[in-house]
Amino acid sequence: MIVLHARPSPGFRAAVDAIFGPGVVVHVDEAAPLDEVAGDITALLHVLTPVTADFIASAPNLKLIQKLGVGVNTIALDAARDHRVAVCNMPGTNSQAVAEMALSLMMAVLRRTCFFDSRTRAGEGWTADPSELDSVGEIAGRRVGLVGFGSSAQRLAPVLAALGADVVYTARSARDAPYEFLPLDRLLAESDIVSLHIPLTDETRGSVDPFAMKKGAVLVNTARGELIDQAKLVDALGSGHLRGAGLDVFAEEPLPRGNPLLGLPNAVLAPHIAWLTPETLVRSLTVAQENCRRLAAGEALLHQVV
């Protein structure tokens with residue numbers, strides 16, 4: 001049995017049926033446990049709901065956990081290894097969508113899109129305090145620091161450069177790229193906009209300190225919420241140390257009611273959807289279907305992590 005544990009849109013469901021075949025994949029809502037089907041699952045199509053060690057131990061026929069995306073921090077990898085369950089991801093399938101979302105968040109913060117949208121809808125767009133326009137800005141002429149230089153960052157960099165930004169980046173090592181490589185501390189201190197494109201690991205958790213960033217800078221995060229100390233981020237935004245932030249990911253998801261980020265007018269927020277476009281789904285499900293075919297045929301899997 002192949003199970004998709006998610007809350008798919010109608011288009012998502014249609015794509016699953018088109019690529020795998022009607023009825024081949026069983027849909028289980030992400031809010032529901034997998035207990036009732038655990039004994040029958042051979043392949044789990046995983047989105048965001050954590051795959052725990054207890055679940056893996058309860059699924060004797062499970063052979064493949066297929067991440068629909070890149071980050072595998074929500075999967076108990078040691079347990080998968082112990083139970084001989086393959087874990088695969090799919091690098092590159094969502095890079096275009098993530099790059100475009102990062103760009104849109106930068107622009108939304110700099111141009112204060114949400115602020116002016118709400119004022120316009122309230123009939124106050126043309127009568128608002130003119131000083132509000134003093135806090136908008138352009139990407140051109142700003143230094144944009146990319147933390148990580150994988151596929152999404154590599155797609156984003158030339159677009160930023162074409163818009164007139166001075167693009168710099170940091171990564172484990174310098175790449176053959178027409179942009180300046182900087183260590184993380186310098187990138188944070190010198191960049192007007194910082195965009196995160198790294199996985200969440202023990203090494204990267206909490207590695208981005210908002211107060212180490214340049215005063216008045218913008219932070220964009222389409223990677224993982226726990227890369228940043230969220231309490232520090234709230235303080236940096238509330239105190240004005242940061243100009244603003246565009247956030248698609250959070251330390252706790254869904255973002256709970258009452259979270260202080262929800263009350264900050266200089267934060268543009270989205271519910272972890274940077275990767276999620278119909279185009280990404282087709283690319284991702286095509287890889288997932290191929291890996292399920294390979295699993296059944298006893299062939300080597302694509303992008304195996306464990």
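Scoring rules and cut-offs
Per chain, the residues get numbers from 1 upward, laid out in the order the sequence is written. A pLDDT threshold of at least 70 governs which residues receive local features in this predicted model, and a stricter bar of 80 or more applies before side-chain atom pairs are shown or counted, although totals over entire chains, interfaces and linings include all residues. Only hydrogens and water are removed before side-chain values are computed, so all heavy atoms of the structure are retained for them. A pair of strands is treated as paired once DSSP finds two or more bridges between them. Numbering goes from the N terminus for both helices and strands, where a helix is a DSSP run of H or I of at least four residues and a strand is a run of E of at least two. The distinction between a cavity and a pocket rests on a 1 Å grid over the protein atoms alone: a 1.4 Å probe fits inside a cavity but cannot get out, while a pocket stays open yet meets protein on both sides within 12 Å along at least five of seven lines, and a residue with an atom within 4 Å of a point counts as lining. Grid points are joined across faces, edges and corners, and a volume is the space filled by probe spheres set on the points. Side-chain classes follow a simple rule in which Ala, Val, Leu, Ile, Met, Phe, Trp, Tyr, Cys and Pro form the nonpolar group, Asp, Glu, Lys and Arg form the charged group, and the remainder, Gly included, forms the polar group. For every residue, the accessible area obtained with a 1.4 Å probe (protein chains only) is divided by the maximum for its type, and the residue is called buried under 20%, exposed over 50%, and partly exposed between those limits. Directions from the helix axis toward the C-beta atoms define the arc. Polar contact criterion, stated in full: a pair of N or O atoms within 3.5 Å, where within protein one must be able to donate a hydrogen and the other to accept it, and residues adjacent in sequence count only if both atoms are side-chain atoms.

### Focus on the sheet that holds strand 6 (residues 143–147)
With parallel pairing, the 7 strands of this open sheet are ordered in space as 8-7-6-9-10-11-12. For this open sheet the edge positions go to strand 8 (180–181) and strand 12 (267–269), each flanked by a neighbour on one side alone. With 4 bridges connecting them, strand 6 and strand 9 (residues 193–196) associate as parallel partners. Counted as the bridge partner of Leu-146 is Ser-195 from strand 9.

### As for empty space enclosed by the protein
Under the counting rule described, the total for this entry stands at 1 cavity of 30 Å³ or more. Roughly 40 Å³ of volume is contained in the largest cavity. In this structure, the largest cavity is lined by Asn-221, Gly-225, Ile-228, Gln-230, Leu-233, Leu-247, Val-249, Phe-250 and Ala-251. Grouping the amino acids of the lining of the largest cavity by side-chain chemistry returns 6 nonpolar, 3 polar and no charged.

### A word on helix 8 (residues 230–239)
Here helix 8 has its buried residues at Gln-230, Leu-233, Val-234, Ala-236 and Leu-237. Angular distribution of buried residues about the axis of helix 8 spans 165°; they occupy a single face of the element. Projecting away from the buried face of helix 8 at angles above 90 degrees are the exposed residues Gly-238 and Ser-239. The distance from a side-chain oxygen at the start of helix 8 to the backbone nitrogen of Ala-231 is 3.0 Å, and the residue carrying that oxygen is Asp-229. Immediately beyond the C-terminal end of helix 8, within one or two residues, lies Gly-240, with a positive phi of roughly 90°.

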